[in-house]
Number of protein chains: 2
Amino acid sequence: MRRTEEGGRKADSGLRRNDMDEGHTELFSALAEPSRMRIVALLREGPLSVGEIADRLELRQPQASKHLKVLQQAGVVEVQAEANRRHYRLRPEPFREMEDWLAGYRELWSDRFDRLDEYLRNMPD
Amino acid sequence: MRRTEEGGRKADSGLRRNDMDEGHTELFSALAEPSRMRIVALLREGPLSVGEIADRLELRQPQASKHLKVLQQAGVVEVQAEANRRHYRLRPEPFREMEDWLAGYRELWSDRFDRLDEYLRNMPD
DNA sequence: TTCGAATATTCCTTTACAGGAATATTCAAC
DNA sequence: GTTGAATATTCCTGTAAAGGAATATTCGAA
């Protein structure tokens, strides 16, 4: 099969607000794997080729490719072809999305919520 | 087996800084499941019993219990027993941890980094 | 046009995990 | 103690996903 260069990024256009919570499962799933987490951490330093990633993380090349594919489908990384090499880099979007998602829980550790929490905890049935 | 009430929270005391990235895989894994994500979203409103959670999300009770167990082991929720009922509530810690983790990537979407990104993208080999 | 490097893909096997159904446990009330 | 409600656990089964090994594809260079 001809390899398509445009990247398999899943369409993220038509997300209604209610789908958001479930919509992040692919992202979390992609990050819920030690090797992929290490890849993401490594790519913080900048774009790297598959071989470099495999070397630095002591992964076999096929596994590195597979993990990168998963990360790409989740929108975490994007690829740029250059001759034989593929340079993978982090995409900022998923991190922004995660930040937005997290924001919905930020009241959890605010002082105000801590007091409400305490209140409910001691509430009689 | 006797059910222990103290909760199976995984020890999070001795985390060296280098384990952090991999250390979050359990958390991401717990959230990488639609039903659990919905449970977490639901618990934002406040503590709920297993039955209430199962009802509101149209889950069967055993599945609800299982998901809550996973969430508990990941430290996402804690339980408070009250007679027959178990009241599950969100714990703020994992959200704080995620916020910290995310902070390490925040430069990704800063203006400064965007320019660096652009620079590297157009870099000759 | 053949070769070697870089990367992707396929096939296979093993393991983790989710859902369903049934059952066990715990507790309060009687 | 027996019962019923609330919850947890076990067993089973299907499925998705990860790693290993082998192979296919692509490209630049000789």
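Numbers given to residues run from 1 along each chain, matching the order in which its sequence is written. Chains carry letters and ligands carry numbers; both start at the beginning, A for chains and 1 for ligands, and go up in the order they are written. In keeping with the model being predicted, local features are shown solely for residues with a pLDDT of at least 70 and side-chain atom pairs are shown and tallied solely at 80 or more, while totals for entire chains, interfaces and linings include all residues.

Asks: Pulling in residues and values, what's your account of the protein's contact with DNA strand C?
Replies: Working rule for contacts: place C-beta from the backbone, and if it is within 6 Å of a molecule or strand, that residue counts as near it. If you check the shell around DNA strand C, you find 25 residues, and the closest are Ser49, Val50, Gly51, Pro62 and Ser65 of chain A. A helix here means a DSSP run of H or I that spans at least four residues, while a strand means a run of E at least two residues long, and both kinds are numbered starting from the N terminus. Those elements that provide at least two residues to the surface near DNA strand C are helix H4 (50-57), helix H5 (61-73) and strand S3 (85-90) of chain A together with helix H5 (61-73) of chain B. Examining the composition of the surface near DNA strand C, we find that six residues originate from one element, H5 of chain A, more than from any other. Only Asp, Glu, Lys and Arg are considered charged, only Ala, Val, Leu, Ile, Met, Phe, Trp, Tyr, Cys and Pro nonpolar, and every remaining residue, Gly among them, polar. Within the surface near DNA strand C, the residues separate by chemical class into eight nonpolar, eight polar and nine charged.

Asks: Can you tell me about the sheet that holds strand S2 (residues 77-82) of chain A, naming the residues and giving the values?
Replies: Residue and element names in this part refer to chain A. The pairing criterion is simple: DSSP has to find at least two bridges between the two strands. Taking strand neighbours across the sheet as the criterion, the three strands line up as S1-S3-S2 in an open arrangement whose pairing is antiparallel. On the outer flanks of this sheet lie strand S1 (48-49) and S2, each paired with one strand and no other. One ladder, built from two bridges, connects S1 with S3; its direction is antiparallel. Across the sheet, residue Ser49 finds its bridge partner in S3, namely His87. In this description, any two residues whose backbone-derived C-beta atoms lie within 7 Å of each other are considered to be in contact. Between N-to-C directions, angles span 0 to 180 degrees; the directions come from axes that are lines fitted to C-alpha atoms, helices contributing only their stretch in contact. H5 contacts S2 and S3 of the sheet and is inclined by roughly 120° relative to S2.

Asks: Requested: an account of H5 of chain A, with residues and values cited.
Replies: One less than the residue count of a helix, multiplied by 1.5 Å, gives the span that helix is expected to have. In this model H5 of chain A runs 18 Å from its N-terminal to its C-terminal C-alpha over 13 residues, within 8% of the 18 Å that 1.5 Å per residue would give. Residues of H5 of chain A that are buried in the fold lie against helix H2 (25-31), helix H3 (34-43), H4, S2 and S3 of chain A.

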